[in-house]
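The residues making up each chain are set out below.
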Amino acid sequence: MSRPSRVSPAALADLAPLRVARTAALVAIGMRPSTIAARVRSGMWQRPFLGVIVMQSGPLTREQFILAAMLHCGDDAVLTGAEAVRRHGLHRVPSGQELHVLVGKDCRRQSGPDLVVERTGRLPPTVERDGVRVALLDRALVDSVRRTPGRDDVLATLSEAVQKRRTTVDRLLTELDAGNQRGSAMAREVLSEVNDGIRSVAEGWGRSLHGRSTLPPMLWNPRLLRRDRSLLACPDGYLPCVGMAWEHHSVLFHPPEREDDDARRIADMVAAGVVVVQHRPRRLLTEPDRVLDELFAYYRLAASRPCPDLVVVPA
């Protein structure tokens, strides 16, 4: 039986506030390898990754798991993908526990459950977020959407980043061109939509539905200005040839507490001579033919009236 460790609880707390440490670091402060092994065997401690110890028996928190993965992957490891995007303060990111970590091309660490280790000769510049080395946002976004299978999820992530002016379409395309091309085709298609002004999944559905019709070209998220250059509104879609606005009232962008603001904005457009058609996003999927019929009816109404005297600025 191994002798008890002489390392004090205070020393362990100083070394690992989250109770996560490399085995080598524990040995360096005086803990015997046999003691560490015995505590892991007994279930008192855990070894989630080779060379990493979690000094507790219960389930790991998310932060403990991330720290353990980063310690396992080495000092040059960089967190990227969805978790990195979240740490940059964006929210429309697919849910999931998977971590994506970049390591140097000579590193031999392997992927495991909920951990994707990607070797690369192009380790990105980093920033620190909550004590973790994180890829800059453009790289994190591109790595995230390359591994995202759902088109709507890709659109939600990229459109939020552009809408909040955290990046640009050109910067993301440059990052796509420079990196691994696997999984990049969908991202390029979605970026073309974002470049056209699409800023939400519902607007993406609307763009696809409009593309099935013979309606004139539609602008997405343009700014409608009065002749004195004051802002009238920014409708989701707009047919400038007839002065028709198309609004998609998604709960995300039009929550109940904003109903009065939405009503005033629509009233302002109507008062300025704009014909406004409104649809709930789910109808674009469940009743596409009916929605198209309604769009054409409103288009004919708008075409029968004088076009409003507005300045239209594309997104």
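First, a word on what this report is: a plain description of the structure on this page. Because the structure is a prediction, the values reported are computed rather than measured.

## Section: the packing of helix H7 (residues 151-163) against helix H10 (residues 201-211)
Packing of H7 against H10 leaves a shortest axis separation of 9 Å and a crossing angle of 120 degrees. When the axes of H7 and H10 are compared, the pair comes out oblique. The two elements H7 and H10 meet at a crossing, and its hand is right-handed. The segment H7 lies against H10, with Asp152, Leu155 and Ala156 engaging Val201, Gly204 and Trp205. Considered class by class, the residues forming the contact of H7 with H10 number four nonpolar, one polar and one charged.

## Considerations on the environment of arginine 265
Considering the arrangement of structural elements, one finds arginine 265 in helix H11 (residues 259-271). Residue arginine 265 is classed as buried on the basis of its relative accessible area of 16%. C-alpha separation for the pair arginine 265 and threonine 120, spaced 145 residues apart in sequence, amounts to 49 Å.

## Considering the sheet that holds strand E14 (residues 275-279)
Spatially, four strands are ordered E9-E12-E13-E14 in an open sheet, and the strand pairing comes out mixed. On the outer flanks of this sheet lie strand E9 (219-220) and E14, each paired with one strand and no other. Note: strand E12 (residues 237-239) against strand E13 (residues 244-248), three bridges, orientation antiparallel. What sits directly across from leucine 239, in E13, is methionine 244. Of the strands in this sheet, E9, E12 and E13 touch H10, which is tilted by about 135 degrees from E13. On top of the sheet, helix H13 (residues 288-303) reaches E12, E13 and E14; it is set at about 170 degrees to E14, its chief contact.

## A closer look at the side chain of glutamate 247
Considering the arrangement of structural elements, one finds glutamate 247 in strand E13. What makes glutamate 247 buried here is its relative accessible area of 0%.

## Brief notes about H7
Taking 1.5 Å as the rise per residue, H7 with 13 residues should run 18 Å; its terminal C-alpha atoms sit 18 Å apart, in good agreement. Listed in full, the buried residues belonging to H7 are Val154, Leu155, Ala156, Thr157, Leu158, Ser159, Glu160, Ala161 and Val162. On its buried face, H7 sits against helix H6 (137-146), helix H8 (169-178), helix H9 (185-195) and H10. Trailing H7 by a residue or two, arginine 165 shows a phi angle of about 60 degrees, which is positive.

## Details of the pattern of salt bridges
A complete count under the given rule lists 25 salt bridges for this structure. For arginine 139, the salt bridge identified is with aspartate 143, shortest N-O distance 3.2 Å. Of this pair, arginine 139 and aspartate 143 both sit in helix H6, four residues apart, roughly one helical turn. Taking the relative accessible area as the measure of exposure, arginine 139 reaches 6% and is therefore buried. The class of aspartate 143 is buried, set by a relative accessible area of 3%.

What counts, and where the lines are drawn
- Residue positions are given per chain, counting from 1 as you read along its sequence in written order.
- Only residues with pLDDT of 70 or above have their local features reported here, since the model is predicted, and side-chain atom pairs are shown and tallied only from 80 upward, although totals for entire chains, interfaces and linings are computed over all residues.
- The side-chain quantities take in all heavy atoms of the structure and omit both hydrogens and water.
- Note on geometry: axes are C-alpha line fits, over the in-contact stretch for helices, and angles between N-to-C directions span 0 to 180 degrees.
- Runs of E in the DSSP output that reach at least two residues are strands. Runs of H or I that reach at least four are helices, and both are numbered from the N terminus.
- Any angle that is under 35 degrees is reported as roughly parallel, and any over 145 degrees as roughly antiparallel; angles of 65 to 115 degrees are reported as roughly perpendicular and all others as oblique.
- What makes a crossing left-handed is the near helix being turned counterclockwise from the far one by less than a right angle; a clockwise turn instead makes it right-handed.
- Residues are treated as being in contact if the distance between any of their heavy atoms lies within 4.5 Å.
- Lys, Arg, Asp and Glu make up the charged group, whereas Ala, Val, Leu, Ile, Met, Phe, Trp, Tyr, Cys and Pro make up the nonpolar group; the residues left over, Gly among them, are polar.
- Relative accessible area decides the class of each residue, using a 1.4 Å probe on protein chains only: under 20% of the type maximum gives buried, over 50% gives exposed, and in between gives partly exposed.
- In this description, strands pair whenever DSSP reports at least two bridges between them.
- In this analysis, the expected span of each helix is defined as 1.5 Å times one less than the number of residues it contains.
- Between Lys or Arg on one side and Asp or Glu on the other, a salt bridge is scored when a side-chain nitrogen of the former is within 4 Å of a carboxyl oxygen of the latter.

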